[in-house]
Amino acid sequence: MSFAAAVVIYNTACQDSPTCRALEKLSGITVLIYDNSTRDFGNREYCEKAGWVYLGGQGNLGLSKAYNACIDYLKDKPVADILCLFDDDTDLEPAYFDALEKARAQGGRIFVPTVFAGGSLISPCILDSGHKVRTFASEEEARAYSGENLSAINSCMAIDLGIFDDFRYDENIFLDGIDHNFTQAMKARGEKITMIDYRCNHAFSGVETPPKAAALVRFKIYAKDYAYILRDNKAAYYRLVGKRALRLTARYKTLAFLKAMR
């Protein structure tokens, strides 16, 4: 079994990325860096020195295009069986790949660890048809769940490359909901998510408080992505995006977020 690690870098240098620093210490893994940065951080040269594959470098083209470029590369050069997706700010240990290998030996094609941010368990989670997320109270509750609505975030997800023989991420989605859109599509195809015995810790924008201008830019991306994902379910769109708009309106004391809804 062989692994490829795809890291999407955004406006940071690889040398400052916890994920990249962790991958530097590992051997036998094909590393792909997709650079969505809007300026040059020297990442191409860094990858050349590390012997990694450098992709992107044309500005922020979005997460779905980044993932698809990594998949296309790996389908053209079949150097791995499993694609592991990572953000650039995830703590990673060799035990992740050990746990993944053990789980893969038991079968399955989509694998996720537990992911914590700010001390809270954010993935896996329960997702309803309107993309409303309910988090688990503990790792034990997550591992005990046997229902049909399990979902997970992209970071630290591992996927059998055979799934991509006839599937690509929807490039109409720039950033938000790519993960849950993927898990719902896989559920419709009869695939299941397998939890592995590993815990990831990672920074997560949902538990941070950015400046108002940055928060508004971020919300506009969220609203646009979910306007597409929930294009056939307007009620769900207004429930999901409207709730976030109201929360941000209260936090930043401005109506700009409500006005930005599509």
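Quick look at the structure, then. (Residues numbered from 1 in each chain as written. Predicted model: local features only at pLDDT ≥ 70, side-chain atom pairs only at ≥ 80, totals over all residues. Heavy atoms only, no water.)

1. Considerations on the pairing of strand E2 (residues 30–35)
Residues in a regular strand project their side chains so that they alternate between the two faces of the sheet. Put simply, the test is: Here's how the labels work: a residue is buried when its accessible area is under 20% of the maximum for its type, exposed when over 50%, partly exposed in between, all with a 1.4 Å probe on protein chains only. Secondary structure counts use DSSP, requiring at least four H or I residues in a row for a helix and at least two E residues in a row for a strand, with both numbered from the N terminus. By definition, two strands form a pair when at least two bridges between them are found by DSSP. Handedness of a crossover is defined as follows: with both strands directed away from the viewer, a clockwise route from the first strand across the helix to the second makes it right-handed.
The buried fraction of E2 amounts to five of the six residues, a majority that puts the element mostly inside the structure. Inspection of the sheet shows E2 paired to strand E3 (residues 53–56) by four bridges, in the parallel sense. The residue of E3 that forms the bridge with Asp35 is Gly56. Handedness of the crossover joining E2 and E3 through helix H2 (residues 43–50): right-handed.

2. Comments concerning the sheet that holds strand E10 (residues 150–151)
Across the sheet, which stays open at both edges, the three strands sit in the order E9-E8-E10 with antiparallel pairing between neighbours. A strand with exactly one partner marks an edge of an open sheet, and here the two such strands are strand E9 (133–135) and E10. By the bridge criterion, two bridges tie strand E8 (residues 125–127) to E10 in an arrangement that is antiparallel. Its bridge partner being in E10, Cys125 is matched across the sheet by Ser151.

3. Notes on the packing of aromatic side chains
So the rule is basically this: Here a Phe, Tyr or Trp ring, Trp counted by its six-membered ring, pairs with any other such ring whose centre lies within 6.5 Å, and the pair is stacked when the planes are under 30 degrees apart, edge-to-face when over 60, and tilted otherwise.
Counted under the stated rule, the structure contains 18 aromatic pairs. Measuring from centroid to centroid gives 5.2 Å for Tyr67 and Tyr169, while their planes differ by 55°, and the two rings are tilted. In this pair, Tyr67 is assigned in helix H3 (residues 63–76) and Tyr169 in the loop between strand E11 (158–160) and helix H6 (178–188), connecting sequence segments 102 residues apart. Owing to a relative accessible area of 1%, Tyr67 belongs among the buried residues under this scheme. Judged by relative accessible area, which is 5%, Tyr169 ranks as buried. Their ring planes at 80° and their centres at 5.7 Å tell us that Phe219 and Phe257 sit as a pair that is edge-to-face. Placement of Phe219 in helix H7 (residues 212–229) and of Phe257 in helix H9 (residues 256–259) is noted, with a sequence separation of 38 residues between them.

4. So, the layout of surface pockets
Over the atoms rolls a probe the size of a water molecule, and its path tells where empty space is left. Applied cut-off: Think of a 1 Å grid over the protein atoms and nothing else: a 1.4 Å probe that fits but is trapped marks a cavity, an open set flanked by protein within 12 Å on at least five of seven lines marks a pocket, and residues with an atom within 4 Å of a point count as lining. Grid points are joined across faces, edges and corners, and a volume is the space filled by probe spheres set on the points. Residues are grouped as follows: nonpolar covers Ala, Val, Leu, Ile, Met, Phe, Trp, Tyr, Cys and Pro; charged covers Asp, Glu, Lys and Arg; every other residue, Gly included, is treated as polar.
Estimates place the volume of the second largest pocket at around 340 Å³. Taken together, 17 residues form the lining of the second largest pocket, with Gly147, Glu148, Leu150, Lys192 and Ile193 sitting closest to its centre. Mapped by element, the contributors of at least two residues to the lining of the second largest pocket are E10, H6 and strand E12 (193–202). For the lining of the second largest pocket, the leading source of residues is H6, giving four residues. The residue makeup of the lining of the second largest pocket, split by class, is seven nonpolar, six polar and four charged.

5. Remarks on the side chain of Thr12
Selection criterion: Note on contacts: a residue pair is in contact if any heavy atoms of the two residues lie within 4.5 Å.
As for its placement among the helices and strands, Thr12 is situated in the loop between strand E1 (3–9) and helix H1 (18–24). The exposure class assigned to Thr12 is buried, which follows from its relative accessible area of 18%. Look past the residues within four positions of Thr12 in its chain and what remains in contact with it is Ser37, Phe41, Asn43 and Asp88.

6. Considering unusual backbone geometry
Glycine aside, negative phi is the norm for most residues, and most peptide bonds take the trans geometry. A cis amide bond, omega 0°, links Ser123 with the succeeding residue Pro124. Its place among the elements puts Pro124 in the loop between strand E7 (120–123) and E8. At His131, a residue that is not glycine, the phi angle is positive and equals roughly 65°. Relative to the assigned elements, His131 resides in the loop between E8 and E9. A relative accessible area of 3% means that His131 is categorised as buried. Positive phi, close to 55°, is recorded for Lys253, a residue that is not glycine.

7. Regarding the state of the cysteines
Condition: Here, a disulfide means two cysteine sulfur atoms that sit within 2.5 Å of each other.
Applying the stated criterion across every chain, the model contains zero disulfides. The thiol sulfur of Cys47 is not disulfide-bonded, and the nearest other cysteine sulfur, from Cys14, lies at 4.4 Å. Judged by its relative accessible area of 0%, Cys47 falls in the buried class. In this structure Cys84 is a free cysteine whose sulfur lies 9.0 Å from that of Cys156, the closest cysteine sulfur available. Classification of Cys84 as buried rests on a relative accessible area of 0%.

8. Here's the deal with the pattern of salt bridges
Here is the rule we go by: The working definition used for a salt bridge is a side-chain nitrogen of Lys or Arg within 4 Å of a carboxyl oxygen of Asp or Glu.
By the definition in use, this model includes 10 salt bridges. One salt bridge connects Lys75 with Asp165, and the closest N-O pair in it is separated by 2.4 Å. Of this pair, Lys75 sits in helix H3 while Asp165 is found in the loop between E11 and H6, placing the two residues 90 residues apart along the sequence. Its relative accessible area of 59% is what places Asp165 among the exposed residues.

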